[in-house]
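For reference, the chains in residue letters:
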Amino acid sequence: KCMNSTQGRVIRARTGFYDFQGGGTVLRCTLRGRLKRELRSEGGKRIYADPVAVGDEVMLTPLDDEEGVIEELLPRRTKFSRRHPGIQEEIEQIIVANAAQVVAVASTRLPDLNLRFLDRFLILAEAGDMDAVVCLNKMDLIDAPAERQELTSILGTYQQLGYQVLYTSIKDPQSIDQLRLVLKDKFSVIVGASGVGKSSLLN
């Protein structure tokens, strides 16, 4: 078999194993030992929860039709990352690499709109050089015009800062069409607290 390196993208990462997609094939891969060492700090300490993330572009040597070895991690254009929770040392957890935009989803109710959460996602997007879109979901749970006005006034602040703001409900097909347009042809990360309706919107 030809042992030439091939370029592609990591589409799934789980401790030590990565699914690589390139040229129409998907291979299960591990990291070359040399690369593992290079991706640690000078003192040999861990600096990443996992050195390779979904979205990373890599060079890979196929071993057979199902497996390969990642030889090189190509420079990241963007990253969505956070400090690894529950660990004392400064370890970075890269959630997604090379995405074009972050769609930060919040909900009007169930759970209530949490601006601190929303701000946190926008700061992480900014820190990782990604565009961000604010999506307020579950608009169907707000009936009172005064309450709707209050919400649009609060989110108007984000628009003034240059963020695109979407108001969505899975009961309003037109709002889903707007979201579809925002996602079209862009590698996007959908983030939001538990229960805000990320899966329902994507479905």
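Structural notes, computed from the coordinates. It should be emphasised that the depicted structure is a prediction, and the values quoted were computed from it without experimental measurement.

## Digging into empty space enclosed by the protein
Any empty space left between the atoms is revealed when a probe the size of a water molecule rolls over them.
Part 1 of the reasoning: The full count for this structure, using the stated rule, is one cavity of 30 Å³ or more.
Part 2 of the reasoning: Considered as a void within the structure, the largest cavity measures approximately 30 Å³ in volume.
Part 3 of the reasoning: Taken together, Val103, Val105, Cys135, Leu179, Ile190, Lys198, Leu201 and Leu202 make up the lining of the largest cavity.
Part 4 of the reasoning: Elements represented by at least two residues in the lining of the largest cavity include exactly β8 (101-107) and α5 (198-202).
Part 5 of the reasoning: In terms of residues, the lining of the largest cavity owes the most to one element, α5, which gives three residues.

## Describing the sheet that holds strand β11 (residues 188-191)
Part 1 of the reasoning: One open sheet holds the four strands; their spatial order is β10-β9-β8-β11, and the pairing between them is parallel. Single-partner strands in this sheet number two, and they are β10 (164-167) and β11. Within this sheet the neighbouring strands show an average axis-to-axis angle of 20°, counted without direction.
Part 2 of the reasoning: With four bridges joining them, β8 and β11 adopt parallel strand pairing. In the strand pairing of β11, alanine 104 is matched with valine 191.
Part 3 of the reasoning: Most of the contacts of helix α3 (residues 145-160) go to β10, to which it runs at about 155°, and overall it touches β9 (131-137) and β10.

## Here we look at α3
Part 1 of the reasoning: With 16 residues, α3 ought to run about 22 Å at 1.5 Å a step, and its terminal C-alpha atoms sit 22 Å apart, in line with that.
Part 2 of the reasoning: Among the residues making up α3, those that are buried are Leu151, Leu155, Gly156 and Tyr158.
Part 3 of the reasoning: Looking at the buried side of α3, the elements it contacts are α2 (115-127), β9 and β10.
Part 4 of the reasoning: Of the residues one or two after α3, glycine 162 is the one with positive phi, at around 100°.

## Topic: the pattern of salt bridges
Part 1 of the reasoning: According to the stated counting rule, one finds twelve salt bridges in the structure shown.
Part 2 of the reasoning: Where arginine 32 meets glutamate 71, a salt bridge forms, and the shortest distance between an N and an O atom there is 2.7 Å. One end of the pair, arginine 32, is in the loop between β3 (25-31) and α1 (33-38); the other, glutamate 71, is in strand β5 (residues 67-73), and 39 residues separate them in sequence.
Part 3 of the reasoning: A salt bridge links arginine 34 to glutamate 38; its shortest N-O distance comes to 3.1 Å.

Rules behind the numbers
Residues numbered from 1 in each chain as written. Predicted model: local features only at pLDDT ≥ 70, side-chain atom pairs only at ≥ 80, totals over all residues. Heavy atoms only, no water. 1 Å grid on protein atoms, 1.4 Å probe; cavity = no way out; pocket = protein on both sides within 12 Å on 5 of 7 lines; lining within 4 Å. Points joined across faces, edges and corners; volume = space filled by probe spheres on them. Helix = DSSP H or I, 4+ residues; strand = E, 2+ residues; numbered from the N terminus. Pairing = 2+ DSSP bridges. Axes fitted to C-alpha atoms, helices over the stretch in contact; angles between N-to-C directions. Contact = heavy atoms within 4.5 Å. Expected span 1.5 Å × (residues − 1). Buried < 20%, exposed > 50% of the residue type's maximum accessible area, 1.4 Å probe, protein only. Salt bridge = Lys/Arg side-chain N within 4 Å of Asp/Glu carboxyl O.

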